[in-house]
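A closer look at the structure
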Amino acid sequence: MKISTKGRYALRLMIDIGMHDETEPVRLKDVAERQDISMKYLEQIIAVLVRAGYVRSVRGPQGGYRLAKTPKEYTVGMVLRQVEGDLAPVSCLEGEVNYCERQADCVSLRIWRELDQAIRGVVDKYTLADLIEWQEEAGSDYVI
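It should be emphasised that the depicted structure is a prediction, and the values quoted were computed from it without experimental measurement.

**Examining unusual backbone geometry**
Positive phi values are uncommon outside glycine, yet D36 reaches one of about 55°. Of note, D36 is situated in the loop between α2 (28–35) and α3 (39–51). The exposed category is assigned to D36, whose relative accessible area is 64%.

**Looking at the pattern of salt bridges**
With the rule as written, the count across this model stands at 4 salt bridges. A salt bridge links R34 to D16; its shortest N-O distance comes to 2.6 Å. Placement of the pair is R34 in helix α2 and D16 in helix α1 (residues 5–20), with a sequence separation of 18 residues. Assessed through its relative accessible area of 23%, R34 is described here as partly exposed. Among the salt bridges present, the one from D124 reaches R81, with a minimum N-O distance of 2.9 Å. Separated by 43 residues along the polypeptide, D124 in the loop between α5 (109–123) and α6 (128–138) and R81 in helix α4 (residues 76–84) bring together distant segments of the chain. Take R81: its relative accessible area is 28%, and that puts it in the partly exposed class.

**Some remarks on α5**
Look at α5: 21 Å from first C-alpha to last across 15 residues, which is about the 21 Å you get at 1.5 Å a residue. Along α5, the positions that sit buried rather than exposed are L109, D116, I119 and V123. Projected down its long axis, α5 shows its buried positions confined to an angular sector of 85°, all on one face. Of the residues in α5, the exposed ones pointing more than 90 degrees away from the buried face are R110, I111, E114 and Q117. Among the structural elements, α4 are those in contact with the buried residues of α5.

**Concerning the pairing of strand β2 (residues 64–67)**
Here 4 bridges tie strand β1 (residues 55–58) to β2, and the two strands are oriented antiparallel to one another. Of the residues in β2, the one forming a bridge with V58 is G64. Connecting β1 to the next strand, β2, in antiparallel fashion are 5 residues, including G60 with a positive phi near 110°.

**Points about the state of the cysteines**
One way to say it: the disulfide is the covalent bond shared by the sulfur atoms of two cysteines. Under the defined criterion, the tally for this structure stands at 0 disulfides. Here C92 is not cross-linked by a disulfide; its sulfur's nearest cysteine counterpart is in C100, at 5.5 Å. Assessed through its relative accessible area of 31%, C100 is described here as partly exposed.

**Points about the environment of I46**
Within the secondary structure, I46 sits in helix α3. Put simply, I46 and E101 are 55 residues apart on the chain and 39 Å apart in space, counted from C-alpha to C-alpha.

**Some words on a nonpolar patch on the surface**
A grouping of I111, W112 and L115 is seen on the molecular surface, where their side chains present a nonpolar patch of about 260 Å² in accessible area. Tracing the chain through its elements places W112 in helix α5.

**Side note on the nonpolar core**
Core analysis: the biggest nonpolar cluster contains 33 residues, and L13, M14, I17, L49 and V55 have the highest contact counts within it. Sorting the residues of this core by element identifies α1, α2, α3, β2, α4, α5 and α6 as the ones contributing at least two each. Per element, the largest residue contribution to this core is 8 residues, and it comes from α1. Excluding residues that lie within four positions of it along the chain, V55 makes contacts with M14, I17, I46, L49, V50, Y65, R66, L67 and A68. A88, V90, C92 and L109 belong to the second-largest nonpolar core, a separate cluster that totals 5 residues.

Conventions adopted
- Residues numbered from 1 in each chain as written.
- Predicted model: local features only at pLDDT ≥ 70, side-chain atom pairs only at ≥ 80, totals over all residues.
- Heavy atoms only, no water.
- Helix = DSSP H or I, 4+ residues; strand = E, 2+ residues; numbered from the N terminus.
- Buried < 20%, exposed > 50% of the residue type's maximum accessible area, 1.4 Å probe, protein only.
- Salt bridge = Lys/Arg side-chain N within 4 Å of Asp/Glu carboxyl O.
- Expected span 1.5 Å × (residues − 1).
- Arc of directions from axis to C-beta.
- Contact = heavy atoms within 4.5 Å.
- Pairing = 2+ DSSP bridges.
- Disulfide = S-S within 2.5 Å.
- Patch = residues over 30% accessible without salt bridge, like charges linked within 9 Å, V, L, I, M, F, W, Y side chains within 5 Å.
- Areas by Shrake-Rupley, 256 points an atom, 1.4 Å probe, with all protein chains shown as cover.
- Core = buried A, V, L, I, M, F, W, Y, C linked by side-chain atoms within 4.5 Å.

The following block contains the structure:
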């Protein structure tokens, strides 16, 4: 499994908004400058996050974006699944039911299930609040 640039940038965007939306909505232009990400790419990502209800748009001259919930209510896994889709390491583990006709004879399925559980265990353990805290400890606006 490999997290795409879109997934990494979505996390950076959410962290940036979470760090800066306390007093006023965060403008995408400011995020683009702080994170060195193109506006065009951020516009694509923010559209996904708005549709998911993770971020809300504030209109007007002082408009921008705010998190729809508190940072502790978002896990890394929630954000990644929204932009990446299912994070399962193999296609037979995507979704609720394994429809693979070979699963009864698949000796590697045990490994894929364990890997899937490990991935979920990590990305669902950490919240956006954790990442914001780590970023603030690093003392930089630029999210790594």
